[in-house]
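If you want the building blocks of each chain, they are given just below.
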Amino acid sequence: MTAKTPLVAAVEMGFGHLRAADSVARALGRPLLHADRAPVADSDERALWERTRRNYERLSRLAALPGAIGRPFGALLDTITRIPPLYPGRDLSASTFATGLVERLVERGIGRGMLEVLERAQAPLFTTFFATALAADLKSGAEVDCLVTDTDLARAWVARDPRRSRIRYFAPSERAVRRLAAYGVPPERILMTGFPLPDELLGGAELVVAKRNLARRLGRLDPRGRFLRARGGDAGRRLGASPASDGESPLLVFAVGGAGAQARLAATFLPSLRPLIEVGRLRLALLAGTRPAVLREFEALVARHDLSGHPGLRVVGAADLDGYFRACNALLAEADVLWTKPSEMTFFAALGLPLVLSPPVGTQEIYNRRWAVESGAGLEQRDPRFAGEWLGEWLADGALAGAAWNGFTQLPKRGLYRILSALEREPRASREARSPAAPAAASIATRPTGS
């Protein structure tokens, strides 16, 4: 393979675009270029990115507010990120207001620093954000690959004239393939790859680590042996080992998004989970992201419920994005259930990690939720005030074990390796890919609270 290694660029608009780019950059052995940060972006461009991001995050938080308070903000967010019905099948290639908005941002300087880096490197570009892809397509002669980071996408991802554009798209789902075609992207510039899950959680194309983790997870999620009696033989053959618990109680990870929009949900469900944690039937990790305020909020919440220092409860956060991704991946290697909004984390169901899905924020998350639920890999949360009861029910009747198995068997897992193949690159050798995820770095807060 002789193709030049592409530059990998992303921006911080939530965690999704950066999480995907992080997996690809590390597999390529490339640094991840933050198109919205120094040294890539100068002060003027950083200010433009910051205004755009601040407005989006503020809108996301307001849209997550309950009832009539959040409804108008949710409607505005849906208008900006609107994804029209795909059926009946028809031509959806006409440009929209969002198309013109992105073009105006490019003309005002969005992506300018990245374009200068691209010009100096004379390399292809791999990016996970539509504005950076469109900037490179409009303002450079570089080859441009763009990974879609949700199961469906708005028209803003595609150029005004998609047939003249040079962008090649990597799609994480079959629906995204159909959507790109409806937006007018020629079929030869659409590749169905899947989402690039982290190499250390997969263990190479043979999925050595993912299979080992799932065999242990199924044992923890099947306390009455219902899954084992129904599907144990099939699971043993596909995983190379029969599902078996290691004696630990199931670990539930509750993860907030980059905007911290759903942090307050923990205050609603923790009283119901506390009895299960105290008697050792459940372990809980609250994943706070990179926002110190969310980390402090979680720690104060745990203290109010007299669970500080309890071995069955952790608060996990990080000072920066790199530390967060390392901490998150290490935690997910251990996790048995992931409670999250249907963001890019929806794709992690393919690891055999059953999802409990909180309400979506934005149209793309509605489609992500539908994708997970229809595949049998995700369960919509019930009333969080009684989470201990319905989670206990799902454990007892095997619903979570079944969701884990459905995610692993039904959803695309090898997106990272398909992307590397399309880029004509081999995966970078890594000990992490053949062993459990590395422990958290020193910059990471991952501890029983109070310690």
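Just above, that's the structure.
Residues numbered from 1 in each chain as written. Predicted model: local features only at pLDDT ≥ 70, side-chain atom pairs only at ≥ 80, totals over all residues. Heavy atoms only, no water.

When you line up the elements, D22 lands in helix α1 (residues 16-28). Dropping the residues within four chain positions of it, D22 is found in contact with L32, D322, F325 and R326. (Helix = DSSP H or I, 4+ residues; strand = E, 2+ residues; numbered from the N terminus. Contact = heavy atoms within 4.5 Å.)

Moving on to the packing of aromatic side chains. With the rule as written, the count across this model stands at 18 aromatic pairs. Arranged with centres 6.0 Å apart and planes meeting at 35 degrees, the rings of F126 and F170 form a pair that is tilted. One end of the pair, F126, is in strand β3 (residues 125-127); the other, F170, is in strand β5 (residues 168-171), with 44 residues separating them in the sequence. For F170, a relative accessible area of 0% translates into the label buried. Ring geometry for F130 versus W157: centroids 5.2 Å apart, planes at 50 degrees, classification tilted. Placement of the pair is F130 in helix α6 (residues 130-139) and W157 in the loop between β4 (144-147) and β5, with a sequence separation of 27 residues. Summarising the burial analysis for this pair, F130 and W157 share the class buried. The structure contains a cluster of three or more aromatic residues connected by ring pairs, namely F254, F269, F298, W339, W390 and W394. Above the face of the F408 ring, K413 is positioned so that its terminal group lies 4.9 Å from the ring centre. (Phe/Tyr/Trp six-rings, centres within 6.5 Å; stacked < 30°, edge-to-face > 60°. Buried < 20%, exposed > 50% of the residue type's maximum accessible area, 1.4 Å probe, protein only. Lys NZ or Arg CZ within 6 Å of the ring centre and 35° of its normal.)

All told, the structure shown has 27 salt bridges when counted by the stated rule. Measuring nitrogen to oxygen at the nearest pair gives 2.5 Å for the salt bridge that ties R326 to D22. Remark: D22 occurs in helix α1 and R326 occurs in helix α13 (residues 321-334); sequence separation between them is 304 residues. The class for R326 is buried, based on a relative accessible area of 15%. Under the relative-accessibility criterion, D22 is labelled buried at 8%. Each of D22, R26, E200, D322 and R326 takes part in salt bridges that share partners, so that together they form one network. (Salt bridge = Lys/Arg side-chain N within 4 Å of Asp/Glu carboxyl O.)

Before going further, it helps to examine the nonpolar core. Within the largest apolar cluster, 99 residues are counted, with the highest numbers of intra-cluster contacts made by F269, F298 and W339. The greatest single-element share of this core, amounting to eight residues, is contributed by α13. Within the second largest apolar cluster, 50 residues are counted, among which are L86, F129, L180 and A182. (Core = buried A, V, L, I, M, F, W, Y, C linked by side-chain atoms within 4.5 Å.)

Here we come to the packing of helix α5 (residues 112-121) against α6. Interaxial distance between α5 and α6 falls to 10 Å at its minimum, and their mutual angle equals 55 degrees. With respect to each other, α5 and α6 are oriented oblique. As for how α5 packs across α6, the hand of that crossing is right-handed. Across from M114, L115 and L118 in α5, the residues of α6 making contact are T132, A135, A136 and K139. Across the contact of α5 with α6, the residue classes break down as five nonpolar, one polar and one charged. (Axes fitted to C-alpha atoms, helices over the stretch in contact; angles between N-to-C directions. Parallel < 35°, antiparallel > 145°, perpendicular 65-115°, else oblique. Left-handed = near helix turned anticlockwise from the far one by under 90°. Nonpolar A, V, L, I, M, F, W, Y, C, P; charged D, E, K, R; others polar.)

Burial along β4 is two-sided: the face carrying V144 and C146 and the face carrying D145 and L147 are both buried. Sheet topology note: the β3/β4 ladder contains three bridges and is parallel. Bridge pairing in β4 places T127 opposite C146. Once the chain exits β3 it traverses α6 before rejoining the sheet at β4, and the crossover so formed is right-handed. (Pairing = 2+ DSSP bridges. Right-handed = clockwise from strand over helix to strand, strands pointing away.)

A word on α6. When you tally the buried positions in α6, you get eight out of ten residues, the bulk of the element. Considered for burial, the residues of α6 that qualify are F130, A131, T132, A133, L134, A135, A136 and D137. Next to the buried residues of α6 lie α2 (43-63), α4 (97-108), α5, β3 and β4.

On to a positive patch on the surface. Together, R224, R226, R229 and R281 make up a positively charged patch on the protein surface. Secondary-structure assignment places R229 in helix α10 (residues 226-239). R229 gets classed as exposed once you look at its relative accessible area, which sits at 63%. (Patch = residues over 30% accessible without salt bridge, like charges linked within 9 Å, V, L, I, M, F, W, Y side chains within 5 Å. Areas by Shrake-Rupley, 256 points an atom, 1.4 Å probe, with all protein chains shown as cover. Lys, Arg positive; Asp, Glu negative; His and termini not counted. Charge placed at Lys NZ, Arg CZ, Asp CG, Glu CD.)

Taken together, six strands build an open sheet; the order of strands is β2-β1-β3-β4-β5-β6 and the sheet is parallel. The two strands at the open ends of the sheet, each matched to only one other strand, are β2 (32-34) and β6 (190-192). Taken pair by pair, the neighbouring strands of this sheet meet at an average axis angle of 25 degrees, ignoring direction. Pairing of strand β1 (residues 7-10) with β2, which is carried by three bridges, proceeds in the parallel orientation. The partner of A10 across the bridge, within β2, is H34. Lying on the sheet, α5 is in contact with β1, β2 and β3; it crosses β1 at an angle near 180 degrees. Its contacts with the sheet put α6 on β3 and β4, and the angle it makes with β4 is roughly 165 degrees.

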